[in-house]
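# Results of the structural survey
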Amino acid sequence: MSFLDSLENNLKSLEQQEERDPARAAELRQQRETERAKALEAAPYADELKKGKFAAALLDHATRIGHGIRTKVQITWIGTTLRLQAKERRLDLQPVPTGVRAIFSENGTETSSSLIDLNGDPEAFARQWLTPDA
(Lines give C-alpha, C1' and ligand atoms only; values in the text may rest on other atoms or scores of the structure.)
Protein backbone atom coordinates (compact mmCIF):
# COMPACT_ATOMS: atom_id res chain seq x y z
CA MET A 1 0.00 0.00 0.00
CA SER A 2 1.47 3.33 -1.01
CA PHE A 3 1.68 6.36 1.23
CA LEU A 4 -1.10 8.14 -0.67
CA ASP A 5 -3.42 5.14 -0.39
CA SER A 6 -2.74 4.96 3.32
CA LEU A 7 -3.36 8.69 3.72
CA GLU A 8 -6.61 8.45 1.78
CA ASN A 9 -7.79 5.54 3.94
CA ASN A 10 -6.96 7.49 7.10
CA LEU A 11 -8.89 10.54 5.88
CA LYS A 12 -11.91 8.41 4.98
CA SER A 13 -11.77 6.80 8.40
CA LEU A 14 -11.69 10.20 10.10
CA GLU A 15 -14.62 11.43 8.01
CA GLN A 16 -16.65 8.37 8.94
CA GLN A 17 -15.82 8.86 12.59
CA GLU A 18 -16.99 12.49 12.41
CA GLU A 19 -20.25 11.39 10.80
CA ARG A 20 -20.87 8.86 13.59
CA ASP A 21 -20.03 11.12 16.53
CA PRO A 22 -19.98 14.83 15.64
CA ALA A 23 -19.65 15.96 19.30
CA ARG A 24 -16.48 13.90 19.79
CA ALA A 25 -15.12 15.12 16.44
CA ALA A 26 -15.69 18.74 17.46
CA GLU A 27 -13.96 18.08 20.78
CA LEU A 28 -10.95 16.53 19.02
CA ARG A 29 -10.81 19.41 16.53
CA GLN A 30 -10.83 21.95 19.39
CA GLN A 31 -8.09 20.01 21.18
CA ARG A 32 -5.93 19.98 18.02
CA GLU A 33 -6.44 23.73 17.55
CA THR A 34 -5.46 24.40 21.17
CA GLU A 35 -2.30 22.28 20.84
CA ARG A 36 -1.42 24.04 17.57
CA ALA A 37 -1.87 27.46 19.17
CA LYS A 38 0.42 26.49 22.07
CA ALA A 39 3.01 25.16 19.63
CA LEU A 40 2.92 28.43 17.67
CA GLU A 41 3.36 30.47 20.86
CA ALA A 42 6.32 28.30 21.89
CA ALA A 43 7.92 28.32 18.42
CA PRO A 44 10.35 31.23 19.06
CA TYR A 45 11.65 29.49 22.19
CA ALA A 46 11.92 26.17 20.36
CA ASP A 47 13.93 27.83 17.62
CA GLU A 48 16.22 29.55 20.13
CA LEU A 49 16.73 26.28 21.99
CA LYS A 50 17.57 24.37 18.83
CA LYS A 51 19.80 26.98 17.17
CA GLY A 52 20.99 29.14 20.05
CA LYS A 53 24.29 29.27 21.86
CA PHE A 54 22.86 28.15 25.23
CA ALA A 55 21.98 24.61 24.11
CA ALA A 56 25.27 24.10 22.28
CA ALA A 57 27.28 25.26 25.29
CA LEU A 58 25.10 23.21 27.66
CA LEU A 59 25.78 20.06 25.63
CA ASP A 60 29.54 20.76 25.67
CA HIS A 61 29.62 21.40 29.42
CA ALA A 62 27.35 18.48 30.29
CA THR A 63 29.53 16.12 28.25
CA ARG A 64 32.71 17.44 29.84
CA ILE A 65 31.31 17.34 33.39
CA GLY A 66 29.84 13.88 32.78
CA HIS A 67 33.23 12.64 31.60
CA GLY A 68 34.80 14.02 34.78
CA ILE A 69 32.40 12.03 36.96
CA ARG A 70 32.65 8.97 34.67
CA THR A 71 29.09 9.24 33.41
CA LYS A 72 27.99 9.19 29.79
CA VAL A 73 25.52 11.93 28.93
CA GLN A 74 23.06 10.83 26.26
CA ILE A 75 21.58 13.60 24.14
CA THR A 76 18.27 13.20 22.32
CA TRP A 77 15.95 15.56 20.47
CA ILE A 78 12.30 14.52 20.78
CA GLY A 79 10.39 16.93 18.58
CA THR A 80 11.22 20.33 20.05
CA THR A 81 12.29 18.90 23.44
CA LEU A 82 15.98 18.45 24.22
CA ARG A 83 16.57 15.48 26.54
CA LEU A 84 19.83 14.84 28.38
CA GLN A 85 20.18 11.64 30.34
CA ALA A 86 23.01 10.56 32.63
CA LYS A 87 22.49 7.28 34.48
CA GLU A 88 19.33 7.77 36.57
CA ARG A 89 19.17 11.54 36.06
CA ARG A 90 17.23 13.12 33.22
CA LEU A 91 16.80 16.70 32.10
CA ASP A 92 14.16 17.73 29.57
CA LEU A 93 14.29 21.24 28.10
CA GLN A 94 10.80 21.83 26.75
CA PRO A 95 9.70 25.00 24.91
CA VAL A 96 6.44 26.39 26.31
CA PRO A 97 4.57 29.62 25.47
CA THR A 98 6.28 31.45 28.37
CA GLY A 99 9.87 30.27 27.72
CA VAL A 100 11.85 27.06 28.09
CA ARG A 101 10.89 24.76 30.94
CA ALA A 102 13.54 22.54 32.50
CA ILE A 103 12.18 19.31 33.96
CA PHE A 104 14.53 17.47 36.29
CA SER A 105 13.86 13.76 36.85
CA GLU A 106 15.57 11.04 38.81
CA ASN A 107 14.76 7.34 38.50
CA GLY A 108 11.81 8.22 36.24
CA THR A 109 10.22 10.56 38.81
CA GLU A 110 10.04 14.31 38.24
CA THR A 111 11.89 16.03 41.06
CA SER A 112 11.47 19.66 39.99
CA SER A 113 10.85 21.99 37.09
CA SER A 114 11.43 25.64 36.35
CA LEU A 115 11.72 28.13 33.53
CA ILE A 116 15.29 28.74 32.47
CA ASP A 117 17.07 31.80 31.13
CA LEU A 118 18.56 31.08 27.71
CA ASN A 119 20.94 33.99 28.30
CA GLY A 120 22.18 32.43 31.55
CA ASP A 121 25.29 30.39 32.32
CA PRO A 122 25.04 26.94 30.68
CA GLU A 123 28.02 25.59 32.68
CA ALA A 124 26.40 26.41 36.03
CA PHE A 125 23.15 24.88 34.79
CA ALA A 126 24.94 21.68 33.71
CA ARG A 127 26.65 21.47 37.11
CA GLN A 128 23.32 21.99 38.89
CA TRP A 129 21.82 19.09 36.94
CA LEU A 130 24.73 16.64 37.07
CA THR A 131 26.05 17.36 40.58
CA PRO A 132 23.15 18.72 42.66
CA ASP A 133 24.78 17.46 45.87
CA ALA A 134 28.00 19.37 45.28
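The structure this text deals with has already been given above.
Residues numbered from 1 in each chain as written. Predicted model: local features only at pLDDT ≥ 70, side-chain atom pairs only at ≥ 80, totals over all residues. Heavy atoms only, no water.

### Focus: the environment of Glu27
Here is the rule: Each helix corresponds to a stretch of at least 4 residues labelled H or I by DSSP, and each strand to a stretch of at least 2 residues labelled E; elements are numbered beginning at the N terminus.
Within the secondary structure, Glu27 is located in helix H2 (residues 22-51). Between the C-alpha atoms of Glu27 and Leu11, which are 16 residues apart in sequence, the distance is 17 Å.

### Quick notes on the packing of aromatic side chains
Under the convention used in this document: Stacked, edge-to-face and tilted labels apply to pairs of Phe, Tyr and Trp rings (six-membered ring for Trp) whose centres lie within 6.5 Å, assigned for plane angles under 30 degrees, over 60, and everything in between, in that order. Between buried and exposed lies partly exposed: a residue is buried under 20% and exposed over 50% of the maximum accessible area for its type, with that area taken using a 1.4 Å probe on protein chains only. For a ring to carry a charge above it, either NZ of a lysine or CZ of an arginine must fall within 6 Å of the ring centroid while also lying within 35 degrees of the normal to the ring plane.
Tallied over the entire structure, the rule returns two aromatic pairs. Centre to centre, the rings of Phe54 and Phe125 are 6.1 Å apart; their planes meet at 55 degrees, and the pair counts as tilted. Of this pair, Phe54 sits in helix H3 (residues 53-68) while Phe125 sits in helix H4 (residues 122-130), and the two are 71 residues apart along the sequence. Classification of Phe125 as buried rests on a relative accessible area of 9%. Through pairs of rings, three or more aromatic residues link up here, namely Phe54, Phe104 and Phe125. The cationic tip of Lys50 hangs over the ring face of Trp77; the distance from NZ or CZ to the ring centre is 4.4 Å.

### Structural notes on the sheet that holds strand S2 (residues 81-86)
Keep this limit in mind: Paired strands, as defined in this entry, are two strands with at least two bridges between them according to DSSP. For helices, the fitted axis covers only the stretch in contact; all axes are lines through C-alpha atoms, and the angles between them, taken along N-to-C directions, range from 0 to 180 degrees.
Overall, antiparallel pairing links the five strands, which are arranged S1-S2-S3-S4-S5 in an open sheet. Edge positions in the open sheet fall to strand S1 (73-78) and strand S5 (109-116), since each of these has one partner strand only. Strand-to-strand twist in this sheet, taken as the mean axis angle between neighbours without regard to direction, amounts to 20 degrees. Judged from the five bridges that link them, S2 and strand S3 (residues 89-96) form a sheet pairing that is antiparallel. If you follow Leu84 over to S3, its bridge partner there is Leu91.

### Some points on the pattern of salt bridges
The criterion, for reference: A side-chain nitrogen of Lys or Arg and a carboxyl oxygen of Asp or Glu constitute a salt bridge if their distance falls within 4 Å.
Taken as a whole and assessed by the stated rule, the structure comprises eight salt bridges. Notably, a salt bridge pairs Glu123 with Arg64, separated by 3.0 Å at the nearest N-O pair. With Glu123 in helix H4 and Arg64 in helix H3, the pair connects residues that are 59 residues apart, well separated along the chain. Close ionic contact of Glu110 with Arg101 constitutes a salt bridge, the shortest N to O distance being 3.7 Å. Overall, Glu110 belongs to the partly exposed group, its relative accessible area being 45%. Residue classification places Arg101 among the partly exposed positions, given a relative accessible area of 28%. Here the residues in one salt-bridge network are Arg64, Glu123 and Arg127, joined through shared partners.

### Description of the packing of H3 against H4
Rule in force here: By the definition adopted for this analysis, an angle is roughly parallel if under 35 degrees, roughly antiparallel if over 145, roughly perpendicular if from 65 to 115, and oblique otherwise. Crossings are classed by handedness, with left-handed meaning an anticlockwise turn of the near helix from the far one by less than a right angle and right-handed meaning a clockwise turn. We call two residues in contact when some of their heavy atoms are within 4.5 Å. Note on residue categories: nonpolar means Ala, Val, Leu, Ile, Met, Phe, Trp, Tyr, Cys or Pro, charged means Asp, Glu, Lys or Arg, and polar means any other residue, Gly included.
It is the contact of H3 with H4, at a shortest axis distance of 8 Å, that shows an interaxial angle of 45 degrees. In terms of axis orientation, H3 runs oblique to H4. H3 and H4 meet at a crossing whose hand is right-handed. Facing H3, whose interface residues are Phe54, Ala57, Leu58, His61, Ala62, Arg64, Ile65 and Gly66, H4 presents Pro122, Glu123, Phe125, Ala126, Arg127, Trp129 and Leu130. Tallied by class, the residues present in the contact of H3 with H4 amount to ten nonpolar, two polar and three charged.

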